[in-house]
Amino acid sequence: MSLTVASWNINSVRLRSRQVGLFLDRYRPDVLCLQETKCPDNRFPLKPFRARGYSDVLLNGQKGYHGVATLSRRPFLATNKRDFCGKGDARHAAVTIPDAGGEVTLHNVYVPSGGDVPDPTVNDKFAHKLAFLDEMKAWLNGSETDRPAILVGDLNVAPHPADVWSHKQLLDVVSHTPVETERLNALQAVGDWTDAIRHFAPPEEKVFTWWSYRARDWRASNRGRRLDHIWVTRPLAGRLESAEIVSATRSWKRPSDHVPVVVRIGSA
């Protein structure tokens, strides 16, 4: 039994439910994880998802900001939500679903963006981001290593030089500063996670999942960053079959500035 997981920062699910529907019709992932839904749970547009067979849904939303949602064609065996940093932000949703020969836990996470100034002493948003990553590391410190688990989401960090259009020019730009990349790499290492995209893309290959709205022609300028990730633990790493960044959605009508990441995990 293979498993296909997709992750997408949709930047308002109510504004872009049609785009999500088009994506689901073409890719049919078993599980779709959305971030930045910007929608309280009672206003989430469930109908188009359930019509496509995504009957199990875990929502963690709030009005106007943040928000994550996990929608599945497989039944949920367990669910959980974590409040990072005690702020009440809707930034995490975890589900356990059936997998080949057992079950797998899937964490859907939306890490704070961190604002514009990469200095925690003057920018509370950046301080929050660093604290969030620190808490994630402490929380996941070896706890998932030996179990089938997947961590997906907009982690808002481009950790490697080829994850940004210019490593040199973005070293002082939030999302690629050394203090952020070091934290994310340490978080990945402490749980022995495999980065599914980099598992297939060599380290020197430039790979992006986000392009600013400010660019007149995002494809021509190609000043992107890889902010969206799918990681798997050791029991699943050997089953990785493919990873795809669906950059075509960036050219759709009223697009999100992020694009979906899709990972296929083969049968055991």
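### A look at helix α3 (residues 124-139)
Next, step 1: Taking 1.5 Å of rise per residue, the 16 residues of α3 would be expected to cover 22 Å, and the 22 Å separating its terminal C-alpha atoms lies within 8% of that figure.
Next, step 2: When we look at burial in α3, the residues that qualify are Phe-126, His-128, Lys-129, Leu-130, Phe-132, Leu-133, Met-136 and Trp-139.
Next, step 3: Here the buried face of α3 lies against β6 (92-99), β7 (102-110), β8 (149-154) and α4 (178-190).
Next, step 4: One side-chain oxygen at the N-terminal end of α3 lies 3.0 Å from the backbone nitrogen of Lys-125; it belongs to Asn-123.

### So, the sheet that holds strand β5 (residues 78-80)
Next, step 1: The strand order across the open sheet built from six strands is β5-β6-β7-β8-β12-β9, with neighbouring strands paired in mixed fashion. Strands at the two margins of the open sheet, each flanked by one partner only, are β5 and β9 (194-195).
Next, step 2: With six bridges joining them, β7 and β8 adopt parallel strand pairing. In the sheet register, Tyr-110 faces β8, and the bridge partner there is Asp-154.
Next, step 3: The sheet contacts of α3 involve β6, β7 and β8, and relative to β7 the element is tilted by about 165°.
Next, step 4: Strand contacts of α4: β9 and β12 (228-232), with the helix running at about 20° to β12, the strand carrying the most contacts.

### Details of the environment of Ile-97
Next, step 1: By the secondary structure assignment, Ile-97 is in strand β6.
Next, step 2: Sequence separation between Ile-97 and Ala-78 is 19 residues; the distance between their C-alpha atoms is 7.5 Å.
Next, step 3: For Ile-97, the contacting residues outside a window of four places in its chain are Leu-3, Val-31, Ser-72, Arg-74, Pro-75, Phe-76, Leu-77, Gly-102, Glu-103 and Val-104.

### A short note on the pairing of β12
Next, step 1: Across the five residues of β12, five count as buried, placing the element largely inside the fold.
Next, step 2: Alignment of β9 against β12, held across two bridges, turns out to be antiparallel. Note that in β12 the partner of Asp-195 across the bridge is Trp-231.

### Quick word on the packing of aromatic side chains
Within a pair of aromatic rings, the relevant descriptors are the distance that separates the centres and the angle that separates the planes.
Next, step 1: What the rule picks out here adds up to eight aromatic pairs.
Next, step 2: Consider the rings of Phe-23 and Tyr-27, whose centres lie 5.1 Å apart with planes at 20°: the pair is stacked. Of this pair, Phe-23 and Tyr-27 both sit in helix α1 (residues 17-27), four residues apart, which is roughly one turn of the helix.
Next, step 3: Given a relative accessible area of 0%, Phe-23 falls into the buried group.
Next, step 4: On the accessibility criterion, Tyr-27 (30% relative accessible area) is partly exposed.
Next, step 5: Joined through ring pairs, the aromatic side chains of Trp-8, Phe-23 and Tyr-27 make up one cluster.
Next, step 6: A cation over an aromatic ring shows up here: Arg-91 above the ring of Tyr-110, its NZ or CZ 4.9 Å from the ring centre.

Basis of the calculations
Residues numbered from 1 in each chain as written. Predicted model: local features only at pLDDT ≥ 70, side-chain atom pairs only at ≥ 80, totals over all residues. Heavy atoms only, no water. Helix = DSSP H or I, 4+ residues; strand = E, 2+ residues; numbered from the N terminus. Expected span 1.5 Å × (residues − 1). Buried < 20%, exposed > 50% of the residue type's maximum accessible area, 1.4 Å probe, protein only. Contact = heavy atoms within 4.5 Å. Polar contact = N/O pair within 3.5 Å; in protein donor to acceptor, adjacent residues only side chain to side chain. Pairing = 2+ DSSP bridges. Axes fitted to C-alpha atoms, helices over the stretch in contact; angles between N-to-C directions. Phe/Tyr/Trp six-rings, centres within 6.5 Å; stacked < 30°, edge-to-face > 60°. Lys NZ or Arg CZ within 6 Å of the ring centre and 35° of its normal.

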